[in-house]
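So you can see what is in the structure, the chains are spelled out below.
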Amino acid sequence: MLQYLLEMFLSSLASSFDPHTSYLSPPSYESFQIRMRLNYQGIGAELEQHIGYVAIRKLIPGGDAHKQGKLKAKDRIVSIGQGTDEEMADVTGNTLREIVQLIRGPEGTIVRLGILPADGGELTIHQLTRHKVKLQNSEASSAIKEGPAKPDGTPTRIGVISLPSFYVDLDGLRNNRPNYKSSTRDVRTILEIFKKEEVDIVLIDLRKNGGGSLVESINLTGLFIDQGPVVQVKDNHNRIQLLLDTEAGVAWSGPLVVLTSHMSASASEIFAGAIQDYGRGLVIGGQTFGKGTVQSLRPLTEGQLKITQAKFYRVSGDSTQNQGVIPDIMFPSLFDKDKIGESALEKALPWDTIKPARETKSNPVRSKLSRLKELHEERISDNPDFIFVREQKALVSEMRDKTQVSLNEEERKAEREENDRRRLALENKRRKAKGMPELASLDDPEEDEKSEEGEEKAKSDDKDDEEPDAMLIETGNILLDYMR
């Protein structure tokens, strides 16, 4: 708890100078390393914080908790013991962070959990062995979708790569270990599979990618361009360093599109900006977050200081700071830039420009944009999903613009019920237009929770799996237009 309080105090102090400067306690630095290498030593269970207790959210395949088959989602953790004979310690009321630190440990060691079953059964003790657990849900994944027929009558094959972050095993990289984990290596493997499967188009989905390794963003860009500058870095002495892709050749030379959102940040913006500046492909979706500053980690006696030391600039000379990357074709978004994004943060550095790193005028994409936008607008004019997003954004804006709130309980309840009714009406209008069953009620969206044995992770919406991704489908349609 003292570590946590110290981290809160020092990070508050550091962030008064810059929104991305902070102090990482040893547990937080360990969590950072886990996010970068996508593995940790534990039992393989995602946990979530509730009021007064911590519960299992889900089990990760490959972990001992999953292999034993005795634990399940919503089971409460009420006590923890180390090894086979240490006394069980009551952890009721402990924070998620504290329980995570007790459960993690060296590979091959034992931890015992006192569990209150979700179904209301009696307290049971479970002995589990810690192993290396791979966070496979956080690595690059792929799928092949079929689109309209080509001139030869065969369907267009679209290869979709979802990339949650720019991850890399830093220890493996520093020590030149063979087959160390990295996002570039994983994407290269996927591209090889795509070529064997005769994929026509590649789509990189960065909508939930908040960034990661700078080196990985450069290396990943190198899979699609044949050598050249990727990003420029200017320090506080106005010294500019040009970071290059030095590897000859490309892993994919065919049509390419990058799908972004307002949550695409940092390394995502470097990659998307370089693809746009080279005219290598289309950037479609939402304006990105706007985090264009460089941080480095400085080791302290205890923990690490993450400090802002420079700014990123695109090949074109534009900063990604504050403004982000503006897509070639914009999709409607529910994100309010005044509330979420770099421009909404206090003391955020401004947008500016420097000298371009290369000539960017000969961009083959720009000449096609006007026609592509026309076709896109025609297609979405009666698209239920796009209409829904626009109407929902109007409703959200209306709610945000209200400057007065009633303190009368009955009035507040009535207002909340009316808002829920309007939201439900919008959702059912969309469903009816798509021939889907209407809903009787619409639960409020759940807030983000801490999970992944201490990692920050938003709870996924199960409804995402029930129907095709409208934004992804329209992105594929725009690509097909571009190919024609």
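Our subject is the structure that appears above.
Cut-off values and rules
Residues numbered from 1 in each chain as written. Predicted model: local features only at pLDDT ≥ 70, side-chain atom pairs only at ≥ 80, totals over all residues. Heavy atoms only, no water. Helix = DSSP H or I, 4+ residues; strand = E, 2+ residues; numbered from the N terminus. Rg over C-alpha atoms; globule rule 2.2 N^0.38 Å. Buried < 20%, exposed > 50% of the residue type's maximum accessible area, 1.4 Å probe, protein only. Contact = heavy atoms within 4.5 Å. Lys, Arg positive; Asp, Glu negative; His and termini not counted. Charge placed at Lys NZ, Arg CZ, Asp CG, Glu CD. Axes fitted to C-alpha atoms, helices over the stretch in contact; angles between N-to-C directions. Parallel < 35°, antiparallel > 145°, perpendicular 65-115°, else oblique. Nonpolar A, V, L, I, M, F, W, Y, C, P; charged D, E, K, R; others polar. Core = buried A, V, L, I, M, F, W, Y, C linked by side-chain atoms within 4.5 Å. Pairing = 2+ DSSP bridges. Salt bridge = Lys/Arg side-chain N within 4 Å of Asp/Glu carboxyl O.

A word on the overall build of the protein. When you go through the protein residue by residue, the secondary structure sums to twelve helices and 21 strands. Relative to its length of 484 residues, the protein is compact, with a C-alpha radius of gyration of 24 Å against a globular reference of 23 Å. A buried classification covers 45% of the 484 residues belonging to the protein. Expressed as a percentage of contacts within the protein between residues at least 6 apart in sequence, the contacts between residues at least 24 apart total 69%. Here the protein carries 66 positive and 78 negative side-chain charges, and the mean point of each set is 4 Å from the other.

With that settled, the discussion passes to the packing of helix α10 (residues 384-400) against helix α11 (residues 409-433). At a minimum axis distance of 9 Å, the contact between α10 and α11 shows a crossing angle of 170 degrees. Taken together, the axis directions place α10 and α11 in an arrangement best described as roughly antiparallel. Residues P384, D385, F388, E391, Q392, L395, E398 and M399 of α10 touch α11, and the partners they reach there are N419, R422, R423, L426, E427, K429, R430 and A433. Counted by class, the contact of α10 with α11 contains six nonpolar, two polar and eight charged residues.

Moving on, we come to the nonpolar core. Counting 32 residues, the largest nonpolar core has L191, V202, F224 and F271 as the members making the most contacts within it. Elements represented by at least two residues in this core include exactly α6 (183-196), β12 (201-205), β15 (256-260) and α8 (267-277). For F271, the residues in contact, after removing those within four places along its chain, are F166, I204, L206, S217, L220, T221, F224 and V258. Ranked by size, the runner-up nonpolar core spans 24 residues in total, among them V160, L426, M471 and L479.

Across the sheet, which stays open at both edges, the six strands sit in the order β10-β11-β12-β15-β16-β19 with mixed pairing between neighbours. The two strands at the open ends of the sheet, each matched to only one other strand, are β10 (141-149) and β19 (329-330). Where strand β16 (residues 282-285) meets β19, two bridges bridge the pair, whose relative direction is parallel. The residue bridging I284 from the neighbouring strand is I329, located in β19. Contacts from helix α12 (residues 470-483) reach β10, β11 (155-162), β12, β15, β16 and β19, with the element oriented near 145 degrees to β12.

Let's shift gears to the environment of P164. With respect to the element layout, P164 can be found in the loop between β11 and α5 (170-174). Setting aside residues up to four positions removed in sequence, P164 forms contacts with N137, S138, E139, A140, K208, N209 and G210.

What follows deals with the pattern of salt bridges. Following the criterion strictly, the structure yields 32 salt bridges and no others. Note that R412 is salt-bridged to E415, the shortest N-O span being 3.0 Å. Placement of the pair is R412 and E415 together in helix α11, with a separation of three residues, close to one helical turn. Given the relative accessible area of 30%, R412 is considered partly exposed. Overall, E415 belongs to the partly exposed group, its relative accessible area being 25%. A salt bridge links E427 to R430; its shortest N-O distance comes to 2.8 Å. With E427 and R430 both in helix α11 and three residues apart, this pair spans about one turn of that helix. Taking relative accessible area as the criterion, E427 reaches 8% and is therefore assigned buried. R430 gets classed as buried once you look at its relative accessible area, which sits at 7%. Overlapping salt bridges bring together D385, E427, R430, R431 and K434 as one network.

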